[in-house]
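Here are the chains, one letter per residue:
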Amino acid sequence: MVQPDHVKEARDYARRELAGHERLLDSLPEAPLDVHRRFSETGLANWWLPKDVGGPGHSLEDGVRIVAEIAHADAGSAFTLFIPILTTSMVQWYAEPEVRERYLGRLAREHGAASTLGSEHEAGSELARISCTARREGGEWVVSGDKAFSTNTAFADFVVVIARAPDEPAGYVALLVPRETPGLVVEKRWDVIGLRSSATYQVALSGCRVPADHALRGSGLRLLEVGLNASRILIAATALGIARRARDLCLDYARTKQVKGAPLATNAVFASRLGQFEMQIDVMATQCLAAAREYDAICAGDDPAGDFMRLGCLKSAITTKMFCGQVGFQLVAQASEMLGGIGYTHDSAVGKLLRDVRFVSIVEGGDDVLRDLVYSRFVVPVSKRS
Ligand SMILES: Cc1cc2nc3c(=O)[nH]c(=O)nc-3n(C[C@H](O)[C@H](O)[C@H](O)COP(=O)(O)OP(=O)(O)OC[C@H]3O[C@@H](n4cnc5c(N)ncnc54)[C@H](O)[C@@H]3O)c2cc1C
């Protein structure tokens, strides 16, 4: 099958810039990496930004294929490059037209980054308990509070802060805050166990002021739910790329390793495990693409902003992330065993893959939280539980 240009571009980038550099990418290198800046040479930087603001205008289905290619070489790079979609999709649909054009247009022109400040230590996944607070003062919003985790913030052009808004009917607001706003302080970078070429920070906001039109329309919590749809599907696609890489490591190893006088690749037990891998990878790919197409269909409708606001979390985005996280982790754990003692050393990339794939079942909702969400939204609504 002929690969579309964007898939070839992403694959060439991954092979040229990332493959073979595991040690550097896994070393918590200073962010942003030059190699991430050079992604713009592919013409795919922020590939989902709409054409009307000067972006490449790729679909989420394209995004699944791009992310899987990059994650095959390095999941942290994939995460760095796609996570702004969480932020920009909220801005794309719910910002005032002039604000949307200004910030997304600049991001498209300058190949910049954006980040979302949602999570807090105390509230955890009960986002309704966040304490970061925003209030109107004349023609401005003033926001203060601490945010536990946010990826790309140190080098972002702008962030979207999810805050409590006690004086507003919706109770919560999503505020677009330019990165250079006084009072926005990056306190530390987390020493994460995987995705170590990406950069996630703890951030403090104290009295950050933005103009009134920098508030996005609608409840901040609902907007975050909407934004998470695309990024959850792309997190799942990261697991797909990692799983393919683990399969390839096993195949390469089995071609050279001899067992009972024959290459391991010809051993029926080993081969059946690889057959199982292929089944799992195929279902992961099919599921990621199906979820992305459902998302793209909403985007292509008459009123995506209204439809997403009505729907909130898409079931397919949640279940795809859960499924790919669980199957991906299981697959990579088996791959580490199949590589024998080498699989337990840093001479093999499989240890990095194990640490990298773990994030899929944790970030943007751990599996227990998502099981509860699926149950309460799609199995038995809370109002109907006995
Ligand atoms: C690398 C990385 C990047 C990140 N990037 C960002 C970012 O850019 N922006 C951002 O806002 N956040 C970001 N995060 C935060 C991330 O999304 C959260 O850490 C994740 O959703 C888990 O939430 P939590 O840390 O609040 O833990 P919690 O959800 O509070 O979980 C703690 C424990 O409580 C359990 N638990 C919680 N609720 C339930 C429930 N309802 N039912 C059963 N058990 C439950 C969990 O299963 C878990 O065992 C990032 C985190 C990491 C590690």
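Here, every reference points to the structure presented above.
Structure report, in brief. These numbers come from a predicted model, not from an experiment. (Residues numbered from 1 in each chain as written. Predicted model: local features only at pLDDT ≥ 70, side-chain atom pairs only at ≥ 80, totals over all residues. Heavy atoms only, no water.)

**Things to note about the site of the ligand**
Filter applied, for reference: To be near a molecule or strand, a residue needs just one of its heavy atoms within 4 Å of it. In protein, a polar contact requires one atom able to donate a hydrogen and another able to accept it; more generally it is a pair of N or O atoms within 3.5 Å, and residues adjacent in sequence count only if both atoms are side-chain atoms. Exposure was quantified through the Shrake-Rupley algorithm and a 1.4 Å probe, taking into account, for residues, occlusion by the shown protein chains and nothing else. Elements are defined by DSSP. Helices are runs of H or I of four residues or more, strands are runs of E of two residues or more, and each kind is numbered from the N terminus. Polar here means any residue outside two lists: the nonpolar Ala, Val, Leu, Ile, Met, Phe, Trp, Tyr, Cys and Pro, and the charged Asp, Glu, Lys and Arg; Gly therefore counts as polar. The split of the chain into domains comes from an automatic or database domain assignment.
Looking at the ligand, there are 16 residues lining it, with Thr116, Gly118, Ser119, Ser125 and Thr151 nearest. Ser119 has a polar side-chain atom sitting 2.7 Å from a nitrogen atom of the ligand. In this structure, Phe149 approaches the ligand through a main-chain N or O atom, which is 3.2 Å from a nitrogen atom. Contact with the protein chains covers 64% of the free accessible surface of the ligand, which is 960 Å². At the level of elements, β3 (140-151) and α13 (367-379) are the ones that each hand at least two residues to the shell around the ligand. Within the shell around the ligand, the residues separate by chemical class into four nonpolar, nine polar and three charged. There are two domains that each give the shell around the ligand at least three residues, and those are domain 2 (114-214) and domain 3 (220-384).

**As for the environment of Ala265**
Selection rule: Any residue under 20% of the maximum accessible area for its type is buried, any over 50% is exposed, and the rest in between are partly exposed; the area is computed with a 1.4 Å probe on protein chains only. Residue contacts are counted whenever heavy atoms from the two residues lie within 4.5 Å of one another.
Mapping Ala265 onto the fold places it in the loop between β9 (262-263) and α9 (268-299). Note on Ala265: relative accessible area 36%, which makes it partly exposed. Along the primary structure Ala265 and Leu251 are separated by 14 residues, whereas in three dimensions their C-alpha atoms are 7.0 Å apart. With residues up to four places along the chain from it excluded, the contact list for Ala265 reads Ala254, Arg255 and Ala271.

**So, the pairing of strand β4 (residues 158-164)**
How we decide: Note on pairing: DSSP must find at least two bridges between two strands before they are called paired.
The element β4 is largely enclosed, with a buried count of six among its seven residues. Pairing of strand β1 (residues 114-117) with β4, which is carried by four bridges, proceeds in the parallel orientation. Directly across from Leu117, in β4, lies its bridge partner Val161. Strand direction decides the pairing type here: β4 and strand β5 (residues 172-178), joined by seven bridges, are antiparallel. Considered in β5, the bridge of Arg164 is made with Tyr172.

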